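# Chain and residue survey
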Amino acid sequence: MANISVTVDGVTYTDDVEPRLLLVHYLRERVGKTGTPVGCDTSNCGACTVHMNGVSVKSCSVLAVQADGAEITTIEGISNGQWHPLQQAFHAEHALQCGYCTPGMIMAAADLLRTNPHPNDQEIREGLEGNLCRCTGYENIVRAVRRAAESGATS
Amino acid sequence: MTTDTQAPQAQVGQARLRKEDARLVTGQTNWTDNIVLPGMLHMAFVRSPMAHARITSVDLSAARAMPGVIAAFSGADFAEEQGSLPCAWPVTEDIVIPAHPPMATEEVRYVGEAVAVVVARDRYTAADAVAVVDVGYEPLPPVLDIRTALDEDSPKVHAEGNKSFVWPFAQGDLDAAFRDAPVVIERTYRQQRLIPSAMEPRAVVATDEGGEFTIWSATQIPHVLRVMLALVTGIPEQNIRVIAPDVGGGFGSKLQVTAEEVLSLLVTRKLGRPVKWTESRSEGNLTVHHGRDQWQRIRIAADSDGRLRGLDVDLLADMGAYLMLVTPGVPLLGAFMFPAIYKMDAYSFKCTGVFTTKMPTDAYRGAGRPEATYAIERIMDELAAELGMDPLEVRERNWIKHDEFPYTTIATLQYDSGNYEAATARAKELFGYDALRQEQAERNLDNDPVRLGLGVSTYTEMCGLAPSRVLGSLAYAAGGWEHASIRMLPTGKVEVVTGSSAHGQGHETAWSQIVSDQLGVPFEDIRVLHGDTQVAPKGMDTYGSRSLTVGGMALVGACDKVIAKAKRITAHMLEASENDIEFVHGRFQVRGDPEKGHSIQEVALATFAAHNLPDGVEPNLDSEATYDPDNFSFPHGTHLCAVEVDTETGMVTIRSYVAVDDIGKVINPLIVEGQVHGGLAQGIAQALYEEAVYDEDGNLTTTTLADYLVPSAADLPSYVTDRTESPAANRLGVKGVGEAGTIASTPAVVNAIIDALRPLGIADITMPCTPERVWRAIQNAQGNGGAA
């Protein structure tokens, strides 16, 4: 067991964890952040995307011990009293159907807009290449990210 | 919003934002894998690494000895109680339906088949324990190719042989149609095997509370599942509650009764503690039922002006190792769809269901209809090429004209409406068809190494599954009705219960729109409940684009009953004649004296108080309705796709895609457009990217999303969508939209690729049309003297 201290959505947790414990399982099963789902086991789908120290990571390919001392933001911590512009935009553009990929898609999009606040459609598509959606055909996801960018969402 | 002073804007037809989204965009979701119960244990499965083998031993001792492991069971441990997984569609009287134990006991017949289950305190320990289970196998030869599986010397998947059934269908005089026909074209098309790939992996949680079982499952079919679990396990149906909480997509893959669901009940009963199982993606690619996998031999006869005379279809359909819930029925849905929108004199269809040592196939978005549409739309292009006609021209020569509806097709379906001319005209206009044809001709003249191809798909489908009598005539075990109920609450709010079980389709929003208009209550005052057999006891669930056309009609029927009863109560309250009460925008009022009346909310409260009800009227304003459709619905449309094919690399790029669909009336255009987009993506994925591949030993080599190429945003184009509308024969005027995009787009894309390459002498490329396959086809064509 390793002792780690991780700040998740603004709250610091100290826990003993198995060295092999994946960050996503730590978040879901120890911290109770079930808003972040797991969609695959090879880091292809991106459903589990969270921010670690402000940068998007696939939490299925990070060990909990690697997050020791880090600040993690999940979909549950991205809103600040009101919905984040990306949450609003995904709703407004019908950019989700079953919603399973949505937390990861929003977290990845937030990181995209951090590094490129005004992406064109092709840059949005390529920027979200690591996140799979099976429902929407991506059309409305692209629209939502564009809408959020136009509203000035940069984080 | 007020409903009792002025006419509110109709909700139906509005792009209302979804009620479902609030929990989904914030992570306040309730996926099955989120569920944690006190004392809950985790199951993990030991799965066969062999495609076909006899089990000689299962040694669970090391697993059982592992700290944190509570139990481990082999198939033999459950032999007396695990039963056989159900097939609800015995399509012929002599169909072979082999026993399908949830855990194999004697023989394994595909890689991934469950052999043992371990139960541990946490999922990591369970995975460790799986690794130390020692199973002895005596290898048997795999059976992998349905084209040779029926040979006499082929190894056998089951003792009964490799043939499950032969299902024939014939109308008209096929011999006469082909005799002396000026044009006869025969092709063989391959429908590759696909993995549905819903983003949420399957998950199950089960509890046994003194013989009362609750199972949460990521399923499309809580109601069907409940019946089937009772039949398989012998647990009395009334003691099983099935809950489908938030479910992350299905596409047919969660229209199933699975080994893991059955075993969760057996294990929780055995151990007296809640159990959970969540699959990994790799496990899911192996063991969630696959889709498609057919060889299609298709033959048409036509006159020299392009008029179709006859159609002859001979299918080989890969069942996989066992028949699951509707495995044999899937290709039969296609049987009715091969003639599509075309008139002809004769039609013959035969499907042979064949066993292999692979994961069973079953419903995947479109289920039988995409396969049929692909083959007919591909061969219509061949006919056009043979006669030197434009692909749209040869279609128009054969399609049912808009003034010929209702029309009974050669496949005996009665199409109630359609307007193929209108949809095609609109699609051509949006696409710029004529200008693109001209550009294509010019570039071909210039020998442009990047070739432009235009693909056409004028599809139709049968939706609204299904009239129960038709299902009965096709030997399906259940009906095709749907159920709804309405509860008017004392405060004037409304609970709507639907038997349709949404998993991304947006029922909570669309159903609210319908009820808002029907009852004149605000959209916001309506709550839609579904997916729990205790909350919504009756239903047939969600698949086959049936929710709106069947479930929506049940909803309207339930609203009618509320209105009828409220009229009677209002008449009594106002001391008026019931015949004099009219219902206008949520208000029951006296005809000719509209000031005298009550809002539906007031009537709901009065009914709750029950102080002054007519004699014999029960004090509730609730209703139930079950709707069984008279006929299928027949959405249709014209899809046009332009591709750029780089002949030097084989790379195909979709340049533009236009989808014009006629799905009847639209409840919510936002949701409809989303369904079309997603459907297109899945159909395009079949054309260009996806294929489940087994190697020569029967190992699935596409077990991850790195190998099985579900496309990303970067792999797909932007779509242009529009609609035309012809009436549908139900009160809502709706036809269904869930599968249209998937059915239409695959042939549109492949027709475009072939259209680009036909001048090189290429008439077919097996899907998925990867750069390598396209490049090889070009190389082969050039080697054979095709023009370069």
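Residues numbered from 1 in each chain as written. Chains lettered and ligands numbered in written order. Predicted model: local features only at pLDDT ≥ 70, side-chain atom pairs only at ≥ 80, totals over all residues.

### A closer look at the overall build of chain A
Selection criterion: Under the DSSP-based scheme used, a helix requires at least four consecutive residues in state H or I and a strand at least two consecutive residues in state E, with every element numbered from the N terminus. Burial is judged by counting other C-beta atoms within 10 Å of a residue's own C-beta: 20 or more means buried, 12 or fewer means exposed, and anything between counts as partly exposed, with every C-beta placed from the backbone.
Counting its regular elements, chain A contains 5 helices and 5 strands. In terms of overall dimensions, chain A has a C-alpha envelope of 45 × 30 × 25 Å along the principal axes. For chain A, buried positions account for 61% of its 155 residues.

### Here's the deal with the overall build of chain B
Heads up, the condition is: Residue pairs are scored as contacts if the distance between their C-beta atoms, which are placed from the backbone, is within 7 Å.
Looking only at helices and strands, chain B has 19 helices and 28 strands in total. The dimensions of chain B, computed from C-alpha atoms along their principal axes, are 90 × 70 × 50 Å. The buried share of chain B, taken over its 788 residues, is 59%. Pairs at least 24 apart in sequence give 80% of the contacts found in chain B among residues at least 6 apart.

### Thoughts on the sheet that holds strand β1 (residues 2-8) of chain A
Residue and element names in this part refer to chain A. Put simply, the test is: At least two bridges found by DSSP between two strands is the condition for calling them paired. Structural elements are reduced to axes, namely lines fitted to C-alpha atoms, with helices fitted over the stretch in contact, and the angle between N-to-C directions of any two is expressed from 0 to 180 degrees.
Read across the open sheet, the 5 strands follow the order β2-β1-β5-β3-β4; overall the sheet is mixed. Looking at strand neighbours, the two that pair on one side only are β2 (11-17) and β4 (55-58), the edges of this open sheet. Direction aside, the axes of adjacent strands within the sheet are offset by 40° on average.

### Focus: the interface of chain A and chain B
Facing 46 residues of chain A, the contacting portion of chain B comprises 43 residues. Broken down by secondary-structure element, the contributors of at least two residues to the side of chain A that touches chain B are α2 (85-92), α3 (102-115), α4 (121-127) and α5 (139-150) of chain A.

### Some thoughts on the domain arrangement of chain A
All names here are of chain A. Keep this limit in mind: Annotation comment: domain bounds sourced from an automatic or database domain assignment. Asp, Glu, Lys and Arg are counted as charged, while Ala, Val, Leu, Ile, Met, Phe, Trp, Tyr, Cys and Pro are counted as nonpolar; the rest, among them Gly, fall into the polar class.
Looking at chain A, the domain boundaries give domain 1 (2-77) and domain 2 (85-150). Computed from C-alpha coordinates alone, the two centres of domain 1 and domain 2 are separated by 21 Å. In this assembly, 15 residues from domain 1 lie in contact with 11 residues from domain 2. For the side of domain 1 that touches domain 2, the elements supplying multiple residues, two or more each, are β3 (49-52) and β4. Here the side of domain 1 that touches domain 2 gets 3 residues from one element, more than from any other, and that element is β3. Within the side of domain 1 that touches domain 2, the residues separate by chemical class into 7 nonpolar, 8 polar and no charged.

### Quick word on the domain arrangement of chain B
All names here are of chain B. Entries for chain B in the domain assignment read domain 1 (21-28 + 481-627), domain 2 (32-140 + 201-247 + 254-287) and domain 3 (367-462 + 633-783). Between the C-alpha centres of domain 2 and domain 3 the distance comes to 39 Å. With 7 residues of domain 2 at the interface, the matching set in domain 3 holds 9 residues. Per-class residue counts for the side of domain 2 that touches domain 3 are 3 nonpolar, 3 polar and 1 charged.

### Re the sheet that holds strand β20 (residues 494-498) of chain B
Residues and elements named next belong to chain B. On the basis of which strands lie adjacent, the open sheet formed by 4 strands has the order β21-β20-β19-β25 and mixed pairing. A strand with exactly one partner marks an edge of an open sheet, and here the two such strands are β21 (526-529) and β25 (622-627). Averaged over neighbouring strand pairs, the angle between their axes works out to 15° when direction is ignored. Bridge count between strand β19 (residues 482-488) and β25: 6 bridges; the pairing is antiparallel. The residue of β25 that forms the bridge with His 483 is Thr 626. Relative to the sheet, helix α14 (residues 507-519) contacts β20 and β21, its axis offset from that of β21 by approximately 130°.

### Observations concerning the environment of A:Thr136
Counting through the fold element by element, A:Thr136 comes out in the loop between α4 and α5. Taking the C-alpha atoms as reference, A:Thr136 lies 6.7 Å from A:Ala95; in sequence the two are 41 residues apart. Apart from the residues lying within four places of it in its own chain, the contact partners of A:Thr136 are A:Ala95, A:Leu96, A:Gln97, A:Ile141, B:Gly674, B:His677 and B:Gly678.

### Observations regarding the confidence of the model for chain B
Residue and element names in this part refer to chain B. Operational definition: Note: pLDDT gives the predictor's confidence per residue, expressed from 0 to 100.
The pLDDT averaged across chain B works out to 96; a share of 98% of its residues lies at or above 70. The model gives residues 1-5 a pLDDT under 50, and that stretch makes 12 contacts with residues more than four places away or in other chains. Here the prediction assigns the complex a pTM of 0.97, and the interface score ipTM is 0.98.

### A closer look at the nonpolar core
Residue and element names in this part refer to chain B. Definition in use: Think of a nonpolar core as buried Ala, Val, Leu, Ile, Met, Phe, Trp, Tyr and Cys residues, each tied to the set through C-beta atoms within 7 Å.
Ranked by size, the top nonpolar core spans 298 residues in total, and within it Ala 72, Ala 116, Val 117, Val 118, Val 119, Val 749 and Ile 753 carry the most contacts. For this core, the element with the highest residue contribution is helix α15 (residues 547-574), accounting for 12 residues. Apart from the residues lying within four places of it in its own chain, the contact partners of Ile 753 are Gly 453, Val 643, Val 645, Val 652, Ile 765, Cys 769 and Val 774.

### Quick notes on the pairing of β3(A)
For a regular strand, side chains alternate in direction, first toward one face of the sheet and then toward the other. All names here are of chain A. Sheet topology places β3 next to β4; 4 bridges connect them, and they run antiparallel. Bridge pairing in β4 links His 51 to Ser 56. Looking at chain direction, β3 and strand β5 (residues 71-73) are connected through 2 bridges and run antiparallel. Within the sheet, the bridge partner assigned to Met 52 lies in β5 and is Ile 72.

### Digging into α15(B)
Along an α-helix, residues three or four apart share an orientation, since each turn contains 3.6 residues. Selection rule: Any helix carries an expected span of 1.5 Å times its number of residues minus one.
With 28 residues, α15(B) should reach 40 Å at 1.5 Å per residue; the first-to-last C-alpha distance of 39 Å fits that figure. Where α15(B) terminates, the next one or two residues include B:Glu575, which has phi positive at roughly 55°.

### Some details on helix α12 (residues 433-445) of chain B
Between its first and last C-alpha, α12(B) extends 18 Å over 13 residues, near the 18 Å set by a 1.5 Å rise per residue. With its phi angle positive at about 55°, B:Asn447 sits one or two positions after the end of α12(B).

### Notes on the packing of helix α9 (residues 369-387) of chain B against helix α10 (residues 391-398) of chain B
Residue and element names in this part refer to chain B. What counts, and what does not: Working rule for angles: under 35 degrees goes down as roughly parallel, over 145 as roughly antiparallel, 65 to 115 as roughly perpendicular, anything else as oblique.
Contact geometry for α9 and α10: axes closest at 8 Å, N-to-C directions at 110°. As summarised for this structure, α9 and α10 are arranged roughly perpendicular, according to the angle between their axes. For the pair α9 and α10, contact is made by Met 380, Asp 381, Leu 383, Ala 384 and Leu 387 and by Pro 391, Val 394 and Arg 395, respectively.

### Some words on the packing of α15(B) against helix α16 (residues 600-609) of chain B
All names here are of chain B. Relative to each other, α15 and α16 sit at 80°, their axes nearing to 10 Å. Accordingly, the angle class assigned to the pair α15 and α16 is roughly perpendicular. Contact residues: Ala 566, Ile 569, Thr 570 and Met 573 in α15; Ile 600, Val 603, Ala 606 and Thr 607 in α16. Split by residue class, the contact of α15 with α16 holds 6 nonpolar, 2 polar and no charged.

### Some remarks on unusual backbone geometry
Residue and element names in this part refer to chain B. The omega angle of the peptide bond from Leu 465 to Ala 466 is -5°, so this bond is cis rather than trans. Between Met 767 and Pro 768 the backbone carries a cis peptide bond, its omega angle lying at -5°. One can find Pro 768 in the loop between α18 (740-757) and α19 (771-783). With a phi angle near 55°, Ala 340 is a residue other than glycine that sits in the positive phi range. Of note, Ala 340 is situated in the loop between α8 (329-335) and β15 (346-355). By the C-beta count within 10 Å, which is 26 here, Ala 340 ends up buried. Of note in the backbone geometry, Ser 545 takes a positive phi value of approximately 45° without being a glycine. Within the secondary structure layout, Ser 545 lies in the loop between β21 and α15.

### What about the environment of B:Ala777?
Residue and element names in this part refer to chain B. If you trace the backbone, Ala 777 turns up in helix α19. Accessibility expressed as a C-beta count within 10 Å gives 23 for Ala 777, which makes it buried. Once the C-alpha coordinates of Ala 777 and Gly 650 are considered, the two residues, 127 residues apart in sequence, prove to be 8.8 Å apart. Discounting chain neighbours no more than four positions away, the residues touching Ala 777 are Leu 757, Ile 762 and Ile 765.

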